[in-house]
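# Reading the structure
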Amino acid sequence: MYEEEIRSYAGLMEELQLTGLEVEAEGVRFRLERQGAPVAPVAVAQPAAAAPAQSGKSEAAGDLVEITSPMVGVFYSSPAENAEPFVTTGSHVKKGDVLCIIEAMKLMNEITAECDGTIVEIGAGNNQVVDYGHVLFRMRKEQA
């Protein structure tokens, strides 16, 4: 592997906002990882894009709960490849119900509901890589 090839892979990672890339070519295997670099541009871009949407529903935003990813990993919406998803938009959930699985370092981590409520939005697709803090679900909190 030559330096220019590695630099081209690093450029591809930046372009696609990837946090990791593993390559095997010509009998050589290597992994590139980025820490922090893709998060800053995304974090700066998201509030600017989200600001107009939030201003229109300021009163309703108080009862919405965001469930974010506690780690970097692969999002799975169901317990098995051909199984039904744990939840869909409109699903009513109870505190502790499994919402999804995040696979990180070959470990399957169940993400559970923090309170009773209804799923309003699912923020990741099946088999999608998610970063720490990525909004996985928005749910309308059930009024007690």
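Use the structure listed above.
Keep in mind the model is a prediction, meaning the values are calculated, not measured. (Residues numbered from 1 in each chain as written. Predicted model: local features only at pLDDT ≥ 70, side-chain atom pairs only at ≥ 80, totals over all residues. Heavy atoms only, no water.)

What follows covers the overall build of the protein. When you go through the protein residue by residue, the secondary structure sums to two helices and 10 strands. When its helices and strands are written in sequence order, the protein yields α-β-β-α-β-β-β-β-β-β-β-β. Nonlocal contacts in the protein, meaning residues at least 24 apart in sequence, comprise 53% of its contacts between residues at least 6 apart. Here the protein displays about 9700 Å² of accessible surface, and carbon together with sulfur accounts for 52% of that area. (Helix = DSSP H or I, 4+ residues; strand = E, 2+ residues; numbered from the N terminus. Contact = heavy atoms within 4.5 Å. Areas by Shrake-Rupley, 256 points an atom, 1.4 Å probe, with all protein chains shown as cover.)

The next subject is the side chain of Glu-103. In this structure, Glu-103 sits in strand S6 (residues 98-104). Although Glu-103 is buried, it forms no salt bridge, and the closest oppositely charged side chain is Lys-106 at an N-O distance of 4.7 Å. (Buried < 20%, exposed > 50% of the residue type's maximum accessible area, 1.4 Å probe, protein only. Lys, Arg positive; Asp, Glu negative; His and termini not counted. Salt bridge = Lys/Arg side-chain N within 4 Å of Asp/Glu carboxyl O.)

Below, the discussion takes up the pairing of strand S4 (residues 73-76). Sheet topology places S4 next to strand S9 (residues 128-130); three bridges connect them, and they run antiparallel. Bridge pairing links Phe-75 to Gln-128 in S9. Across three bridges, S4 lies against S6 in antiparallel orientation. Note that in S6 the partner of Val-74 across the bridge is Glu-103. (Pairing = 2+ DSSP bridges.)

Time to look at the sheet that holds S9. Two orientations exist for strands paired in a sheet by backbone hydrogen bonds: parallel and antiparallel. Strands sit in the order S7-S6-S4-S9 across an open sheet of four strands; the sheet is antiparallel. Sheet topology places strand S7 (107-112) and S9 at the edges, where each strand pairs with a single neighbour. Sheet twist, expressed as the average angle between the axes of neighbouring strands with direction ignored, equals 35°. (Axes fitted to C-alpha atoms, helices over the stretch in contact; angles between N-to-C directions.)

Right, let's get into the nonpolar core. Judged by nonpolar contacts, the single largest core of 17 residues is most densely connected at Phe-75, Val-93, Leu-99, Ile-119, Leu-136, Phe-137 and Met-139. Listing elements by their share of this core, those giving two or more residues are strand S3 (64-68), S6 and strand S10 (135-141). For Met-139, the residues in contact, after removing those within four places along its chain, are Asp-63, Leu-64, Val-65, Ile-67, Val-93, Cys-115, Asp-116, Gly-117, Thr-118, Ile-119 and Val-120. Counting five residues, the second-largest nonpolar core is a separate cluster that includes Met-13, Leu-21, Val-23 and Phe-30. (Core = buried A, V, L, I, M, F, W, Y, C linked by side-chain atoms within 4.5 Å.)

What follows deals with the pairing of S3. Of the two faces of S3, only one is covered, namely that formed by Val-65 and Ile-67; the face formed by Leu-64, Glu-66 and Thr-68 stays uncovered. The sheet contact formed by S3 and S10 spans five bridges and is antiparallel. Considered in S10, the bridge of Ile-67 is made with Phe-137.

Quick look at a nonpolar patch on the surface now. Taken together, the side chains of Val-72, Val-129 and Tyr-132 present a nonpolar region at the surface, about 330 Å² in accessible area. Its place among the elements puts Val-129 in strand S9. (Patch = residues over 30% accessible without salt bridge, like charges linked within 9 Å, V, L, I, M, F, W, Y side chains within 5 Å.)

All right, on to unusual backbone geometry then. The residue Lys-106 is not glycine, and still its phi comes out positive at about 70°. Here Lys-106 is to be found in the loop between S6 and S7. Non-glycine residue Asn-127 carries a positive phi angle of around 70°. Mapped onto the elements of the fold, Asn-127 is located in the loop between strand S8 (117-122) and S9.

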